[in-house]
Amino acid sequence: MHGDAVFDDSLGCTILSGDVIIRHLAAHLRPKYVVFLTDVFGVYDRPPSDPDAALLKEIVVDEHGNWSVLKPALQNMNSEAIETSVAAHDTTGGMLTKIAEAVAIAKLGITVFIVKAATPYSCKAISGELCSEVPDDWLGTIIRRSD
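Everything numeric in this text was worked out from a predicted model, so none of it was measured.

A. Quick peek at the overall build of the protein. Along the backbone of the protein there are three helices and nine strands. When the helices and strands of the protein are read in sequence order from the N terminus, they spell out β-β-α-β-β-β-β-β-α-β-α-β. Counting every position in the protein, which comprises 147 residues, the buried fraction comes to 33%. Within the protein, contacts between residues separated by at least 24 positions form 60% of all contacts whose residues are at least 6 apart in sequence. Accessible surface, the protein as shown: approximately 8,600 Å² in total, 53% of it carbon and sulfur.

B. Structural view of the sheet that holds strand E3 (residues 33–38). Taken in spatial order, the five strands of this open sheet run E3-E8-E9-E6-E7, and their pairing is mixed. Looking along the sheet, the strands with just one partner apiece sit at the ends: E3 and strand E7 (67–71). Averaged over neighbouring strand pairs, the angle between their axes works out to 20 degrees when direction is ignored. Of the strands in this sheet, E3 and strand E8 (111–116) are in contact with helix H3 (residues 120–127), which crosses E3 at around 160 degrees.

C. Geometry of helix H1 (residues 18–29). Here H1 spans 16 Å end to end across 12 residues, near enough to the 16 Å set by a 1.5 Å rise per residue. Within H1, the full set of buried residues consists of Gly18, Asp19, Val20 and Ala26. N-cap assignment for H1: the residue whose side-chain oxygen lies 3.0 Å from the backbone N of Asp19 is Ser17.

D. A look at the packing of aromatic side chains. Taken as a whole and assessed by the stated rule, the structure comprises three aromatic pairs. Relative to Tyr121, the ring of Phe41 has its centre 5.9 Å away and its plane inclined at 80 degrees; by these criteria the two rings are edge-to-face. Of the two residues, Phe41 is situated in the loop between E3 and strand E4 (43–44) and Tyr121 in helix H3; the sequence distance between them amounts to 80 residues. On the accessibility criterion, Tyr121 (25% relative accessible area) is partly exposed. Aromatic side chains Phe113 and Trp138 sit 5.9 Å apart centroid to centroid with 80 degrees between the ring planes, which places their arrangement in the edge-to-face category. On the criterion of sequence distance, the pair formed by Phe113 in strand E8 and Trp138 in the loop between H3 and strand E9 (141–145) is long-range, its members being 25 residues apart. Since its relative accessible area comes to 2%, Phe113 is described here as buried.

E. Representation of the nonpolar core. Judged by nonpolar contacts, the single largest core of 22 residues is most densely connected at Val112 and Ile143. Elements represented by at least two residues in this core include exactly E3, E4, strand E5 (55–56), strand E6 (58–61), E7, helix H2 (94–107) and E8. At six residues, H2 tops the list of elements feeding residues into this core. With residues up to four places along the chain from it excluded, the contact list for Val112 reads Val34, Phe36, Ala102, Ile105, Ala106, Thr141, Ile142 and Ile143. Core analysis: the next-biggest nonpolar cluster, separate from the first, contains six residues, Phe113, Val115, Ala125 and Leu130 among them.

F. Inspection of the environment of Pro120 at higher detail. Checked against the element boundaries, Pro120 lands in helix H3. When the C-alpha positions of Pro120 and Leu139 are compared, they lie 9.3 Å apart, and in sequence the two are 19 residues distant.

Calculation notes
Residues numbered from 1 in each chain as written. Predicted model: local features only at pLDDT ≥ 70, side-chain atom pairs only at ≥ 80, totals over all residues. Heavy atoms only, no water. Helix = DSSP H or I, 4+ residues; strand = E, 2+ residues; numbered from the N terminus. Buried < 20%, exposed > 50% of the residue type's maximum accessible area, 1.4 Å probe, protein only. Contact = heavy atoms within 4.5 Å. Areas by Shrake-Rupley, 256 points an atom, 1.4 Å probe, with all protein chains shown as cover. Pairing = 2+ DSSP bridges. Axes fitted to C-alpha atoms, helices over the stretch in contact; angles between N-to-C directions. Expected span 1.5 Å × (residues − 1). Polar contact = N/O pair within 3.5 Å; in protein donor to acceptor, adjacent residues only side chain to side chain. Phe/Tyr/Trp six-rings, centres within 6.5 Å; stacked < 30°, edge-to-face > 60°. Core = buried A, V, L, I, M, F, W, Y, C linked by side-chain atoms within 4.5 Å.

Laid out in structure tokens, this is it:
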């Protein structure tokens, strides 16, 4: 799904992000997992165009909504250490909004996969194949509760 234009009492007309929509749906429907499809392999510690960017493979969320990077083991990696950029055409906040909504979903106990669309990695995420075990060579980001 994707976002769309909606009427708003205070803003008039605005864009409602698909990431926000899926958080609300996940809270009500309680699926086993949610998949966010993107144009990059997952969440990086800085914009993926940076040659030193590292793909964050696993992020864990505690019961309060605080999160940290589990894999790879990086020093001092938390929400303040992530550098994101937003494409000019993205009116809904880009990866920062996606991370915030994924963390809110994971806080509910629902695993979130952020993965590049139209790749074998996204097919594995969508099919549910990753719910039991995630292979080391899978490219994407998993966000889940720490407990």
